[in-house]
Amino acid sequence: MPEKHKVPRTTELEFGGTLGALCLPVLLPLTVLYLLLSCRTPDASLLPPPPLPPLAQLWLPETLLLLLGWGALQGGLYHSPSAVPGGVAEGMVLRDGSRLKYPINGFSALLITGGILSVALHCGLPLGYIHDHMLPLAVSAGIISLTLSLLLYLKSLCAPASAIAPGGNTGNPLYDFFMGHELNPRIGSFDLKYFCELRPGLIGWVLINLAMLMKEVELRGSPSLAMILVNAFQLLYVVDALWNEEAVLTTMDIVQDGFGFMLAFGDLAWVPFTYSLQAHFLVTHPRELSALGATAIAALNALGYFIFRRANSEKNLFRRDPSAPRVSGLETIATATGKRLLVSGWWGFVRHPNYLGDLMMALAWSLPCGLSHLLPYFYVLYFAALLVHREARDERQCLRKYGLAWERYCERVPYRIIPYLY
Ligand code: NDP
C-alpha cells in the first residue's frame, strides 16, 4: 500500500470525543423513547418525564421482523437496476485516485414502494398498526442500528488502509465505532452507507407520516388540514432528496464521515421516529388551522424550499462542472488545491444558504401543530443545533483544506447562516 494512500490518524475529535462516543449511543436511543412516550401522553408535555411502560409495550419480536422485511424490500429495490430504473453516478475521487459507482434509482424506488403500498392498502393493510406500535418499532430500529454498527466496525478492521474514514481513524475503538472507521463499506457493489442514507429511514419516515394520517382518518373520519400540510411538506422534502439523489455524493456524510453508530442510528432510527413527531403529535392532539394560517405556513415552506434547492443545486453543479452556463458567470476565489470557492450567487449571500432554507422549512413543519406545545418544535430546535454544529465542523475542515482562501471567503461573506444575525 503506497504511504500516500494511507489515511492519517484522526487527531481532532468531534461530538465530545471518547466521552461523547460512550454516552451518545445510550442517550440518543433514550431521547427517541422519551419523545415518543411524551407524544403519547394527554398533555404531550416534556416535563415531568413520561411514565415508563411495561416491557411488553417496548419489545415485540414481530416489529423487528417487519423492519427487517422493510429493509429487505428497500435493499432489493436498490440492488435491481434493471427492474428499478435510474442511472449510475460516480462518487468523488478517493484517496487512491479511484471513484466508486452508485445506483441513482431512489426516486423510482419511492414510486414503486408507493405503488406496492397502494395495492396493499386497497387489500386492507392496517397501516394504523404503525401508530399503535411506534415504541416497539423504534426499539427494534435501535437494535438493528446497534447490531449493524458493531458488524461495520468488525468489518472495518479488515478493510485496506486507503478505505479508512478520515474522521474515524483515532485508534480508539470506542470513538472509531461511534464515528465509523470505514468510509464506504460495501458488500460487493452494495454500498451500505449510501443505501442507509436515503432509503429505509427516509422512505420509512414518509410511511410513518402516512400511517399517522390514516390513524387520524380512523379516529375522526377525515384528515385535518394540519396533518395534510405536515405530510405534504415532508413528502416534498423526501421526494426532493431522492430526485436529487446524486447530490448526496458530495455531502460530508459520504465524503468525510465513516459509517458507524452515529450515521447508522441517525439514518435508521432517529430520522424516521423523531422527524415524524409532528404527524404523530397531531393524531392525539388535533389542531384547527385557518386557511390564512395554512397559506402563510405553506408560503414559508415554499420560500425555504426554494432557497434550499437553488443553493444546493448551484454548488453541486459548480463542483461537478464549473463551466456549466448556470454557474460559469459566478465570481469565485481560487484555492491552492485547484478547486475554487463561489463568492457570488447563493454562496455569496451567506456561507451556508442551504442550511438557511432547510431551517425555514423545519419551522414550517412545526407551525401546523400550533404554539401551545414545545414537543412538535423538537425538530426545529434540534435541527438548528445540528446545523450550527455541522457548520462549525465544516468550516474547520474547509479552513484546513483551503487556508488563506477560506479566510478571504469568510471576509467577503461574513455571515454563516442568517444574514446580519449569525
Ligand atoms: P454542504 O452541502 O453545505 O457542503 C459543504 C461543502 O461545500 C464544504 O465542505 C465545501 O466542500 C463546499 N463549499 C462550501 N462553501 C463553498 C463555496 N463558497 N463554494 C463552493 N463550494 C463550497 O454540506 P452538508 O452535507 O452539511 O449539507 C447538504 C444538505 O443536507 C444541506 O441542505 C443541509 O441542510 C442538508 N442536511 C439535512 C439534514 C437533515 O437531517 N435534514 C442533516 C444534514 C444536512 P468542497 O469545497 O470540498 O466541495
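Anyway, here's the lowdown on the structure attached to this text. From a predicted model like this one, the values you see are computed outputs, not experimental measurements. (Residues numbered from 1 in each chain as written. Predicted model: local features only at pLDDT ≥ 70, side-chain atom pairs only at ≥ 80, totals over all residues. Heavy atoms only, no water.)

1. Concerning the site of the ligand
Okay, so step 1: Near the ligand you find 25 residues, and of these Tyr275, Tyr355, Asp358, Arg390 and Tyr402 are the closest.
Okay, so step 2: Between Tyr275 and the ligand, the recorded distance is 2.6 Å, taken from a side-chain N or O atom to an oxygen atom.
Okay, so step 3: Contact between the ligand and Tyr409: a nitrogen atom at 3.1 Å from a side-chain N or O atom of the residue.
Okay, so step 4: Bound to the protein, the ligand loses 88% of the 920 Å² it would expose on its own.
Okay, so step 5: At the level of secondary structure, the elements contributing two or more residues to the shell around the ligand comprise α14 (291–320), β6 (340–342), α16 (353–366), α17 (378–402) and α18 (404–412).
Okay, so step 6: Counting residues per element, the shell around the ligand draws most heavily on α17, which supplies eight residues.
Okay, so step 7: Residues that form the shell around the ligand fall into these classes: 15 nonpolar, three polar and seven charged. (Near = heavy atom within 4 Å. Polar contact = N/O pair within 3.5 Å; in protein donor to acceptor, adjacent residues only side chain to side chain. Areas by Shrake-Rupley, 256 points an atom, 1.4 Å probe, with all protein chains shown as cover. Helix = DSSP H or I, 4+ residues; strand = E, 2+ residues; numbered from the N terminus. Nonpolar A, V, L, I, M, F, W, Y, C, P; charged D, E, K, R; others polar.)

2. Topic: the nonpolar core
Okay, so step 1: In this structure, Leu36, Ile130, Tyr194, Trp205, Phe259, Phe273 and Phe383 are the most contacted members of the largest nonpolar core, which totals 97 residues.
Okay, so step 2: The biggest single contributor to this core is helix α12 (residues 261–274), with 10 residues.
Okay, so step 3: Look past the residues within four positions of Trp205 in its chain and what remains in contact with it is Gln234, Tyr237, Val238, Val271, Pro272, Tyr275, Ser276 and Trp365.
Okay, so step 4: If you look at the next biggest cluster of nonpolar residues, it comprises 15 residues, including Trp347, Ala405, Tyr409 and Val413. (Core = buried A, V, L, I, M, F, W, Y, C linked by side-chain atoms within 4.5 Å. Buried < 20%, exposed > 50% of the residue type's maximum accessible area, 1.4 Å probe, protein only. Contact = heavy atoms within 4.5 Å.)

3. Digging into the environment of Leu28
Okay, so step 1: Along the polypeptide, Leu28 turns up in helix α1 (residues 17–39).
Okay, so step 2: Given a relative accessible area of 23%, Leu28 falls into the partly exposed group.
Okay, so step 3: Along the chain, Leu28 and Val283 lie 255 residues apart, while their C-alpha atoms are 24 Å from each other.
Okay, so step 4: Beyond its immediate sequence surroundings of up to four residues, Leu28 is in contact with Phe265 and Trp270.

4. Details of the environment of Gly304
Okay, so step 1: One can find Gly304 in helix α14.
Okay, so step 2: In sequence terms Gly304 and Ala364 are 60 residues apart; their C-alpha atoms lie 8.7 Å from each other.
Okay, so step 3: Sequence-distant contacts of Gly304, that is, excluding residues within four places in its chain, are made with Gly357, Met360 and Met361.

5. Brief notes about a nonpolar patch on the surface
Okay, so step 1: Taken together, Val388, Ile418, Leu421 and Tyr422 make up a surface patch of nonpolar side chains, about 350 Å² in accessible area.
Okay, so step 2: When its relative accessible area of 33% is taken as the criterion, Ile418 is described as partly exposed. (Patch = residues over 30% accessible without salt bridge, like charges linked within 9 Å, V, L, I, M, F, W, Y side chains within 5 Å. Salt bridge = Lys/Arg side-chain N within 4 Å of Asp/Glu carboxyl O.)

6. So, the side chain of Ser149
Okay, so step 1: Turning to its location among the elements, Ser149 is positioned in helix α6 (residues 134–156).
Okay, so step 2: By relative accessible area, which is 1% here, Ser149 ends up buried.

7. What to know about the side chain of Thr113
Okay, so step 1: Examined against the element boundaries, Thr113 turns out to sit in helix α4 (residues 106–122).
Okay, so step 2: Relative accessible area serves as the criterion here: at 6%, Thr113 is assigned to the buried category.

8. Digging into helix α3 (residues 61–78)
In an α-helix, one full turn covers 3.6 residues, which means residues spaced three or four apart are oriented alike.
Okay, so step 1: Taking 1.5 Å of rise per residue, 18 residues should cover 26 Å, and α3 covers 26 Å from first to last C-alpha, within 8% of that figure.
Okay, so step 2: The set of residues buried in α3 consists of Thr63, Leu67, Trp70, Gln74, Gly75, Leu77 and Tyr78. Projection of α3 onto a plane perpendicular to its axis shows the buried side chains occupying an angular sector of 165 degrees, all on one side. Across from the buried face of α3, at angles greater than 90 degrees, the exposed residues are Leu65 and Ala72. (Expected span 1.5 Å × (residues − 1). Arc of directions from axis to C-beta.)

9. Regarding the pattern of salt bridges
Okay, so step 1: Evaluated as defined, the whole model comprises 19 salt bridges.
Okay, so step 2: As a salt-bridge pair, Arg309 and Asp240 come within 2.7 Å of each other at their nearest N and O atoms. Of this pair, Arg309 sits in helix α14 while Asp240 sits in helix α10 (residues 225–243), and the two are 69 residues apart along the sequence. With respect to burial, Arg309 and Asp240 carry one shared label: buried.
Okay, so step 3: Several salt bridges converge on common partners, so that one network encompasses Glu12, Glu14, Asp257, Arg393, Arg396 and Arg400.

10. Some details on the state of the cysteines
Okay, so step 1: For the structure on display, the rule yields zero disulfides.
Okay, so step 2: Here Cys369 is not cross-linked by a disulfide; its sulfur's nearest cysteine counterpart is in Cys39, at 8.8 Å.
Okay, so step 3: Cys369 sits in the buried class, given a relative accessible area of 0%. (Disulfide = S-S within 2.5 Å.)

11. Digging into the packing of α1 against helix α13 (residues 277–284)
Okay, so step 1: With their axes 9 Å apart at the nearest point, α1 and α13 run at an angle of 25 degrees to one another. On the basis of their axis angle, the class for α1 and α13 is roughly parallel. The residues of α13 that touch α1, namely those facing Leu35, Leu36 and Cys39, are Leu277, His280, Phe281 and Thr284.
Okay, so step 2: Grouping the constituent residues of the contact of α1 with α13 by class yields five nonpolar, two polar and no charged. (Axes fitted to C-alpha atoms, helices over the stretch in contact; angles between N-to-C directions. Parallel < 35°, antiparallel > 145°, perpendicular 65-115°, else oblique.)

12. Considerations on empty space enclosed by the protein
Okay, so step 1: On inspection of all chains with the given rule, the structure shows one cavity of 30 Å³ or more.
Okay, so step 2: Size it by volume and the largest cavity reaches roughly 30 Å³.
Okay, so step 3: When residues of the lining of the largest cavity are traced back to their parent elements, those giving at least two are α6 and α7 (173–179).
Okay, so step 4: Here the element with the most residues in the lining of the largest cavity is α6; it accounts for four residues.
Okay, so step 5: Looking at side-chain class alone, the lining of the largest cavity contains four nonpolar, five polar and two charged residues. (1 Å grid on protein atoms, 1.4 Å probe; cavity = no way out; pocket = protein on both sides within 12 Å on 5 of 7 lines; lining within 4 Å. Points joined across faces, edges and corners; volume = space filled by probe spheres on them.)

Structural measurements only, silent on function.
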